[in-house]
Amino acid sequence: IAKPERSGINLIIDIQNCIKAQESKGYEHWAKINNLKQASKTINYLTENNLLQRSDLEAKIADIASSISRTTASLKATEKRLKEVQLQVKHIAQYQKTKPIYEQYKKAKDKKKFYAEHTAELIIFESSRDTLNAIRGDEKLPSLTALQQEQARLSEDQQRLYDERSRLKKEQKNIEVIKTNVDSFLSLGRDDSQQEQAVQKDNNRT
């Protein structure tokens, strides 16, 4: 039967007890196992973040991982939409810039000559027009100004999400070190306890 988790700050007390047990054997021995600065950093982190039980620590780790997944998904969606908007902005700008040339082409008496003189502009116009028709379908495209405003907002969101994901990954890396330290400290304490029990058994036999 699994034992219920103890209440209070037992995780921190357990770590402190393990440290004291090792210090009692001499700093040189302790330093070979872990650095006292890491122990202090671990206890401070657990206290500052109110991670007073192992389940609290594990829940925090899971929460950070979940936050990274959500942020990554939001970032991908933002980048996808940003690419769509950038494409529309590009082709609307090209369409508007070259449309007057196309209008002149339609009115030109010598269309062959006019086309030869403005081939590049007319090709860009036709390409942009066809692309916008494919994007638009039956819907009316928003104005260039509205798209540019959306593009600016999406760019800001993209940078914010990049920064947030970077912060979360840094936090994840830090808390993984903390968990490794906790496991190391508590494992050390269990090893010492097992050794003491073994010695006690041997003494009882004699």
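Structure: above.
Note that this is a predicted model, so its numbers are computed, not measured.

A. Here's a closer look at helix α6 (residues 119-136). The end-to-end C-alpha distance of α6 is 25 Å, a good match for the 26 Å that 18 residues give at a rise of 1.5 Å each. Considering only its buried residues, α6 is in contact with α4 (54-107) and α5 (111-117).

B. Representation of the packing of α4 against α6 in the model. Packing of α4 against α6 brings their axes to within 7 Å, and their N-to-C directions diverge by 130 degrees. On the basis of the axis angle, α4 is oblique to α6. For the crossing formed where α4 meets α6, the hand is left-handed. For the pair α4 and α6, contact is made by Leu 87, Gln 88, His 91, Ile 92, Gln 94, Tyr 95, Thr 98, Lys 99, Ile 101, Tyr 102 and Tyr 105 and by Glu 121, Leu 122, Ile 124, Phe 125, Ser 128, Arg 129, Thr 131, Leu 132 and Ile 135, respectively. Grouping the amino acids of the contact of α4 with α6 by side-chain chemistry returns 11 nonpolar, 6 polar and 3 charged.

C. Local environment of α4. For α4, with 54 residues, the first-to-last C-alpha span of 79 Å sits near the 80 Å given by 1.5 Å per residue. The largest bend in α4 amounts to roughly 40 degrees and is located at Thr 98, with the proline Pro 100 lying one to four residues further along.

The rules behind these values
- Residues numbered from 1 in each chain as written.
- Predicted model: local features only at pLDDT ≥ 70, side-chain atom pairs only at ≥ 80, totals over all residues.
- Heavy atoms only, no water.
- Helix = DSSP H or I, 4+ residues; strand = E, 2+ residues; numbered from the N terminus.
- Expected span 1.5 Å × (residues − 1).
- Contact = heavy atoms within 4.5 Å.
- Axes fitted to C-alpha atoms, helices over the stretch in contact; angles between N-to-C directions.
- Parallel < 35°, antiparallel > 145°, perpendicular 65-115°, else oblique.
- Left-handed = near helix turned anticlockwise from the far one by under 90°.
- Nonpolar A, V, L, I, M, F, W, Y, C, P; charged D, E, K, R; others polar.
- Bend = angle between axes of the 7 residues up to and from the residue.

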